[in-house]
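Structural overview for review
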Amino acid sequence: MKEVFPLKVGFIGIGAMGKPMAKNIMSAGYPLVVNDVNDAVVQELVADGAIRAESPRELAQEVDVVILMLPNGAIVESVLFGEQGIIAGAKPGFAIIDMSSVSPTFTEKVANAAAAYQVDYIDAPVSGGVKGATNGTLTIMVGGEADVVKHYQPLLEVMGNKIYHVGKVGAGDAVKIINNLLLGVNMAAVAEAFALGTKLGLDPQVLLEIINVSSGSSYALAAKMPNFVFKGQFEQGFAIDLQYKDLELAIQTAKEAKVPMILTNLAQQVYEQARAAGLGREDISAVIKPLEELLKIQVRV
């Protein structure tokens, strides 16, 4: 028999990542209330035992803590502060855990606004993709007051197996930005390298095996080349549009901090080129496709 927890959890943003995360929360025994623009997914979770809320405000009235997994800051702000938003239904002591990828500056702003209503705020962006969300093995980078983070640590551990409290509110988002900056730049470099290698007549599989055990190895190389590029299958990964957004977050944050981002700005143009070619919804490894077309090659095994 499942243990029943007194903590009632709300979840808004039950997309590719949010849905398996929400299911893991229910599997752990937490009562779950959901709200989302995608009614089909809401119905699926209700069939699994979740309770439907008709608005973020109604959801906040029913739960103790809400998790947000939303596409961007504008949507987060609307869900929080709209007429039917979370804050309108939140009571003192309520908590918000925002697992969306947004800027540290934005998080600090909305956290301060929430504090005026005696609402706690944690930023907790994740890494690990849909597979990590499904398996409950996400890496979670948490920013917030230590006592608040400690209180919700067991809930976070349902979704991830590596939980890092990295500092004050906004620090989690800062770590996520840096991580995704590296992923974006690395993937652009890997695409160029393998386009060059293939043009020179090298076997992409041999190239992968050698670099994987050499100094040029990276996650982008090890995960994206064999699973996407070599197969010519670019669906259901981490979308180019999302990577472009993450690079934009890094660039804007760097501007605020007066830090030059020379390679990041160049890498963003690689993703812009792919978006212009209509590849925005494909996996980030599809940045190699414009190069393949230009060079009249295909990096396939």
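Residues numbered from 1 in each chain as written. Predicted model: local features only at pLDDT ≥ 70, side-chain atom pairs only at ≥ 80, totals over all residues. Heavy atoms only, no water.

1. Things to note about the environment of Asn35
Note the cut-off: Only DSSP runs of H or I reaching four residues or more are called helices, and only runs of E reaching two or more are called strands; each is numbered from the N terminus. Should any heavy atoms of two residues lie within 4.5 Å, those residues are counted as being in contact. Contacts described as polar in this section are N or O atom pairs within 3.5 Å, which, within protein, must combine one atom able to donate a hydrogen with one able to accept it, while residues neighboring in sequence count only if both atoms come from side chains.
Note on placement: Asn35 falls in strand S2 (residues 32–35). Each C-alpha atom, one on Asn35 and one on Glu58, is 9.1 Å from the other, the two residues being 23 residues apart in sequence. Beyond its immediate stretch of four places on either side in the chain, Asn35 contacts Phe11, Ile12, Gly13, Ala53, Glu54, Ser55, Pro56 and Leu59. Here the side chain of Asn35 touches Ala53 through a polar contact of 3.0 Å, landing on its backbone oxygen.

2. Some words on the nonpolar core
It is characteristic of soluble globular proteins that their nonpolar side chains tend to be buried jointly. Definition in use: Among buried residues, the Ala, Val, Leu, Ile, Met, Phe, Trp, Tyr and Cys ones that are joined through side-chain atoms within 4.5 Å form a nonpolar core. Classification of residues uses two cut-offs on accessible area relative to the type maximum, computed with a 1.4 Å probe and protein chains only: under 20% is buried, over 50% is exposed, and between them is partly exposed.
Counting 37 residues, the largest nonpolar core has Phe11, Ile25, Ile97, Met99, Ile140 and Leu155 as the members making the most contacts within it. Looking at this core, the element that brings in the most residues is helix H8 (residues 146–159), giving seven residues. If we skip the residues at most four places from it in the chain, Phe11 touches Gly18, Met21, Ala22, Ile25, Leu32, Val33, Val34, Asn35, Leu59, Val66, Ile67 and Met69. Listed in part, the 28 residues of the second largest apolar core include Phe194, Leu207, Tyr271 and Val287.

3. Section: the pairing of strand S9 (residues 160–167)
Using the following cut-off: Pairing between strands is defined by DSSP: at least two bridges between the two strands are required. A clockwise path from the first strand over the helix to the second, with the strands pointing away from the viewer, defines a right-handed crossover.
Looking at chain direction, strand S8 (residues 138–143) and S9 are connected through six bridges and run parallel. Directly across from Met141, in S9, lies its bridge partner Tyr164. Read as a crossover between parallel neighbours, the route from S8 over H8 to S9 is right-handed.

4. Quick look at helix H9 (residues 171–199)
Operational definition: For a helix, the expected span equals 1.5 Å multiplied by the residue count minus one.
Compared with an ideal rise of 1.5 Å per residue, which puts 29 residues at 42 Å, H9 spans 43 Å between its outermost C-alpha atoms and is within 8% of the ideal. Positioned one or two residues after H9, Gly201 has a phi angle of 90°, which is positive.

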